Amino acid sequence: MNLSTSAAQLVTTKFNALVDESSPTSERPDPVTFESIVQTMAEALHDIPWVRAHNLSGMVLSPAQYRRNYNPTQTLPELRQFAFSQRPEAYDPSINDTTPDWLRKKKEAEWVEKRENHDTYLAADAAIKKYIRHIIDEIYYVSLKNNDTEYRNVTAVHFVNYLRETYGSIANTDAIHIQTTLVNLLIENDNIPAYIANMNAVRNLAITAEMPIQD
């Protein structure tokens, strides 16, 4: 079994487990709930083997979160943002009749890896969509549905971005309200794990909104 097959199967297995372990909700997503869903998916994607300079969690994290988590010191612009996978051709077009054998073998191996990485990306795309459609009621993203193709042409990134823009963003006043609510949760229920998890969600929302935060 090659690395990509293992990676593609791993991401599918991880997200199938998330679906089995989670219960769908009919409630309208709020920023904290949405961010918790995003972080659950990001954690599942974090260890999946993929392109060396990047991490598949960039498919669900906001650009600001991704830069902060994975490429905070990168100086090249192309490494400061997630590199979305494009379907490669069947064979490396740079190889021709004049390519030396040693270089041909090197390029062919690199091209196989490139195609396998894309297969992993496609597996992640399908897994993310499956989890989102399981955990969030369709009423909250039905506007993405096409009468003929339904959701087949809607990518995972499109799903996440739509939900983030519609339900997952916060303004300064929202952040203050959410923080007050979470403090009350801690006082009333003494639920420290839930408080910490939700405070982390608020922190990530602030990073996405590029609002000042304190660790």
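Attention in this report is confined to the structure presented alongside it. (Residues numbered from 1 in each chain as written. Predicted model: local features only at pLDDT ≥ 70, side-chain atom pairs only at ≥ 80, totals over all residues. Heavy atoms only, no water.)

### Examining the pattern of salt bridges
Note the following rule: Any carboxyl oxygen of Asp or Glu within 4 Å of a side-chain nitrogen of Lys or Arg constitutes a salt bridge here. In this description a helix means any DSSP run of H or I spanning at least four residues, a strand means any run of E spanning at least two, and both kinds are numbered starting from the N terminus. Burial classes follow relative accessibility: with a 1.4 Å probe on protein chains only, a residue under 20% of its type's maximum area counts as buried, one over 50% as exposed, and anything between as partly exposed.
Here the structure, examined in full by the defined rule, presents 3 salt bridges. Lys 106 is the salt-bridge partner of Glu 110, the closest N and O atoms lying 2.7 Å from each other. Highlighted residues: Glu 110 and Lys 106, both in helix 4 (residues 101-135), separated by 4 residues, approximately one helical turn. Judged by relative accessible area, Glu 110 falls into the partly exposed class, the value being 41%. Judged by relative accessible area, which is 44%, Lys 106 ranks as partly exposed. The partner of Asp 125 in a salt bridge is Lys 129, and the shortest N-O contact between them spans 3.2 Å. Here Lys 129 and Asp 125 lie together in helix 4, a separation of 4 residues that amounts to about one turn. Judged on exposure class, the residue Asp 125 and its partner Lys 129 are both buried.

### What to know about the nonpolar core
The nonpolar side chains of a soluble globular protein tend to be buried, and buried together. Filter applied, for reference: For the purposes of this section, nonpolar cores are sets of buried Ala, Val, Leu, Ile, Met, Phe, Trp, Tyr and Cys residues that join through side-chain atoms within 4.5 Å. By definition in these notes, contact holds between two residues if any of their heavy atoms fall within 4.5 Å.
The biggest cluster of nonpolar side chains holds 41 residues, and the ones touching the most others in it are Phe 15, Met 41 and Ile 128. Taken together, the elements giving at least two residues each to this core come down to helix 1 (3-21), helix 2 (31-46), helix 4 and helix 5 (156-167). Among the elements that line this core, the one with the most residues is helix 4, at 8 residues. Discounting chain neighbours no more than four positions away, the residues touching Phe 15 are Met 41, Ala 44, Leu 45, Ala 127, Ile 128 and Tyr 131.

### Some points on the packing of helix 2 against helix 5
What counts, and what does not: Here an axis means a line fitted to C-alpha atoms, over the contact stretch when the element is a helix, while the angle between two N-to-C directions is reported on a 0 to 180 degree scale. Any angle that is under 35 degrees is reported as roughly parallel, and any over 145 degrees as roughly antiparallel; angles of 65 to 115 degrees are reported as roughly perpendicular and all others as oblique. Each crossing is labelled by how the near helix is turned from the far one, with a counterclockwise turn of less than a right angle marking it left-handed and a clockwise turn marking it right-handed.
Interhelical geometry of helix 2 versus helix 5 gives an angle of 155 degrees and a closest axis separation of 9 Å. It follows that helix 2 is roughly antiparallel to helix 5 by the angle criterion. In this structure, helix 2 meets helix 5 at a crossing whose hand is left-handed. Residues Pro 31, Phe 34, Val 38 and Met 41 of helix 2 touch helix 5, and the partners they reach there are Val 160, Leu 163, Arg 164 and Tyr 167.

### Here's the deal with helix 2
Stated precisely, the cut-off is as follows: Each residue after the first adds 1.5 Å to the expected span of a helix.
Its 16 residues place the ends of helix 2 22 Å apart at the C-alpha level, agreeing with the 22 Å of an ideal helix rising 1.5 Å per residue. When we look at burial in helix 2, the residues that qualify are Pro 31, Val 32, Phe 34, Glu 35, Ile 37, Val 38, Gln 39, Met 41, Ala 42, Ala 44 and Leu 45.

### What about unusual backbone geometry?
Most peptide bonds take the trans configuration, and most residues that are not glycine carry a negative phi. The backbone phi angle of Glu 150 is positive, close to 55 degrees, even though this residue is not glycine. The residue Glu 150 is located in the loop between helix 4 and helix 5 in this model. Using a relative accessible area of 41% as the deciding quantity, one classes Glu 150 as partly exposed.

Scope: geometric values only; no functional claims are made or implied.
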